[in-house]
Amino acid sequence: MDGRILATALATLRSYALCDSCLGRQYATLGYRLTNRERGRSIKIALLMEAEASEDIEVIRILSSKGMLPEASATLQRRGVNPPEPQACFVCGGVSDKLQNIASRIVDMVSGYEFNSFVVGIVVPGWVSEREDIVRSISSSTYCEGLKSEFSRELGKLLSSMLGVVFDPYRPDMNVIVDPFSVSIDISPTPLYLAGRFRKLKPGLPIRSRICRVCMGGGCALCGGLGVKETSVEYIFRKVSVELYRCESVKLHVPLDDGRDRVVLGLGRRFVLEVRKPRRRSIDLDLFKERLDSSFEGLIDVNGLSYVDRGFIRRMKTSFESEGYILLLKPVESMDISEAAERLKYLEGLRVKQRYPGFKARLKVISDVSVKFREDGLFELRFISSEPLHTKSFIEGGRDTKPTVMEVTGIAWLLVDTLIYVGGVGYA
Ligand SMILES: [Zn+2]
Ligand SMILES: [Zn+2]
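Residues numbered from 1 in each chain as written. Chains lettered and ligands numbered in written order. Predicted model: local features only at pLDDT ≥ 70, side-chain atom pairs only at ≥ 80, totals over all residues. Heavy atoms only, no water.

Student: Sorry if this is basic, but what is going on with the overall build of the protein chain here?
Tutor: When you go through the protein chain residue by residue, the secondary structure sums to 14 helices and 13 strands. With respect to the three principal axes, the spread of C-alpha positions in the protein chain is 120 × 45 × 35 Å. In the protein chain, buried positions account for 46% of the 428 residues. Sequence-distant contacts, at least 24 apart, represent 70% of the contacts inside the protein chain between residues at least 6 apart. Here the protein chain has roughly 21,000 Å² of accessible surface; of this, 51% comes from carbon and sulfur atoms. Averaging the positions of the 62 positive and the 54 negative side-chain charges in the protein chain gives two centres separated by 2 Å. (Helix = DSSP H or I, 4+ residues; strand = E, 2+ residues; numbered from the N terminus. Buried < 20%, exposed > 50% of the residue type's maximum accessible area, 1.4 Å probe, protein only. Contact = heavy atoms within 4.5 Å. Areas by Shrake-Rupley, 256 points an atom, 1.4 Å probe, with all protein chains shown as cover. Lys, Arg positive; Asp, Glu negative; His and termini not counted. Charge placed at Lys NZ, Arg CZ, Asp CG, Glu CD.)

Set out below in structure tokens:
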């Protein structure tokens, strides 16, 4: 043995006190399946045996103090030499030996959460990285590993066996961030993403509602305990999710915001519900649907629920569906009925340019136009638009809509009501 590793290890220990893990980490890629602690201790033992064979008391003293090797202290004692005090590790200060304690604390913290996979991230104070660099510059080892990667792996192994869950850095259910030096632990469950379609069965229901400014969400007499100004689609989702997933909050993602007075029928508006910090994850989606449909006296219902990944939100928001509309219109001035109905049919095949709120101006094509005059004096106009249409601007102008129904028909109209059918545009 040419002793290259032993020589550099000894040179490093002459300068800095290192625990078994922190010394072994300098040679982490050597010796498959060994832990760094085993590597470090093995090197120290080999150094002790060589030192004893060559009667090098000074090296044994170094191993006893800066190597913290109990056998080196015992060797000195047997020879009648008072052993020096073991020093504290220059890099970790002894934290390497406390991972089991830290793991137990993490186990306590995550005990209320359901999860099957996790990841551990390690943050360390700046001085730790600096000291790692200093030691590395002396050991000049090309075999070393970083402290963060070792701690993350070793904590991962401990948690896996204590909790019976898998370490998965790519799709973890639970994220654990640990600073082992200050022993601060932060846990955050990965959000769940639930996709589906909802129908908004009654007018007067907004998609979202503002938080109550009096109680800031806690619920008070003013908001009737809702925590928000009024019931909304998002509120209904939140209420049911908090019950079933025991989550902290939800965020409702929709491709576009239907106004409060729109009724949305057909297959329904696509959505992704982001369930944040859930304590339960494996909720039967049939149960979720049942709870939603039966809550709040049928204001909404949902269909086609499935769990998706986060990327689904962007895909949903960047693809457009055609929509069917039933508009109730009233001419501003009284008008010959059959003439007005005839002119509404000019809309067939029309190409409309419009900025839908939150989107750039886009071209939409109108088709399947039909018109009916109702006993209440309103015109019922049905058509399909190749993309979502802002109906009020389409009828009355605004949002750079070109052309408007007024321009095409030569009649000024008032939009009385909008029903929309999305996702398969039959008027089912
Ligand atoms: Zn150490
Ligand atoms: Zn309130």
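Resuming the write-up.
Student: What is the right way to look at the coordination of the zinc ion (ligand 1) in this model?
Tutor: The textbook angles at a metal center are 109.5 degrees for a tetrahedron of four donors and 90 or 180 degrees for an octahedron of six. Around the zinc ion (ligand 1), the protein contributes the donor atoms Cys19 (SG), Cys22 (SG), Cys89 (SG) and Cys92 (SG), which lie 2.2 to 2.3 Å from the metal centre. Donor residues binding the zinc ion (ligand 1) come from one chain and are separated in sequence as C-x2-C-x66-C-x2-C. Of the two residues, Cys19 and Cys22, both sit in the buried class. (Donors = N, O, S within 2.8 Å, 3.2 Å for Na, K, Ca; no water.)

Student: Looking at this structure, how should I read the packing of helix H9 (residues 233–245) against helix H10 (residues 285–294)?
Tutor: Between two packed helices, both the angle of their axes relative to each other and the distance between the axes serve to describe the pair. The N-to-C vectors of H9 and H10 enclose an angle of 135°; their axes lie 10 Å apart at closest approach. Classified by the interaxial angle, the pair formed by H9 and H10 is oblique. Two packed elements cross with a definite hand, and for H9 against H10 that hand is right-handed. Residues Ile236, Phe237, Val240, Ser241, Glu243, Leu244 and Tyr245 of H9 lie in contact with H10, whose contacting residues are Leu285, Leu287, Phe288, Arg291 and Leu292. Residue classes in the contact of H9 with H10 are distributed as nine nonpolar, one polar and two charged. (Axes fitted to C-alpha atoms, helices over the stretch in contact; angles between N-to-C directions. Parallel < 35°, antiparallel > 145°, perpendicular 65-115°, else oblique. Left-handed = near helix turned anticlockwise from the far one by under 90°. Nonpolar A, V, L, I, M, F, W, Y, C, P; charged D, E, K, R; others polar.)

Student: Would you explain the coordination of the zinc ion (ligand 2) in this entry?
Tutor: At this site the zinc ion (ligand 2) is bound by Cys212 (SG), Cys215 (SG), Cys220 (SG) and Cys223 (SG), with donor distances of 2.2 to 2.3 Å. Coordination geometry of the zinc ion (ligand 2): the four donor atoms subtend angles of 102 to 115° at the metal centre, consistent with an arrangement described as tetrahedral. Along the chain, the residues donating to the zinc ion (ligand 2) are arranged with the sequence spacing C-x2-C-x4-C-x2-C. When its relative accessible area of 5% is taken as the criterion, Cys212 is described as buried. (Tetrahedral: all angles 85-135°; square planar, octahedral: opposite > 155°, others 65-115°.)

Student: Just checking my understanding: could you explain the side chain of Glu323 for this structure?
Tutor: Mapped onto the secondary structure, Glu323 falls in strand E9 (residues 323–331). Given a relative accessible area of 0%, Glu323 falls into the buried group. Looking at Glu323, its side chain comes within polar contact range of the side chain of Arg269, at 2.6 Å. Within the local environment of Glu323, its side chain forms a polar contact with the side chain of Tyr325, the two groups lying 2.5 Å apart. (Polar contact = N/O pair within 3.5 Å; in protein donor to acceptor, adjacent residues only side chain to side chain.)

Student: What should I look at first to understand unusual backbone geometry in this one?
Tutor: Where the residue is not glycine, phi is negative for most of them; where a peptide bond is considered, it is trans in most cases. Cis rather than trans, the peptide bond between Lys402 and Pro403 has omega equal to -10°. In this fold, Pro403 is placed in the loop between helix H13 (391–396) and helix H14 (405–409). Of note, the phi angle at Met216 is positive, near 50°, even though the residue is not glycine. Structurally, Met216 is set in the loop between strand E5 (192–200) and H9. Although it is not a glycine, Glu297 adopts a positive phi angle of roughly 45°. Within the secondary structure, Glu297 is located in the loop between H10 and strand E8 (300–308).

Student: What's the story with the packing of aromatic side chains in this structure? I'm lost.
Tutor: For any pair of aromatic rings, the description rests on two quantities: the centre-to-centre distance and the angle between the ring planes. Tallied over the entire structure, the rule returns 14 aromatic pairs. Judged by centre distance (5.5 Å) and plane angle (85°), the rings of Phe118 and Phe167 are edge-to-face. Of this pair, Phe118 sits in strand E1 (residues 117–122) while Phe167 sits in strand E2 (residues 166–167), and the two are 49 residues apart along the sequence. Measuring from ring centre to ring centre gives 5.3 Å for Tyr325 and Phe383, while their planes differ by 25°; the resulting arrangement is stacked. Separated by 58 residues along the polypeptide, Tyr325 in strand E9 and Phe383 in strand E12 (residues 379–385) bring together distant segments of the chain. Every member of this aromatic cluster is reached through a ring pair, and the members are Phe198, Phe237 and Phe271. In this structure, Arg279 packs its charged tip against the face of Tyr113, placed 4.4 Å from the ring centre. (Phe/Tyr/Trp six-rings, centres within 6.5 Å; stacked < 30°, edge-to-face > 60°. Lys NZ or Arg CZ within 6 Å of the ring centre and 35° of its normal.)

Keep in mind that these numbers describe shape and distance, not what the molecule does.
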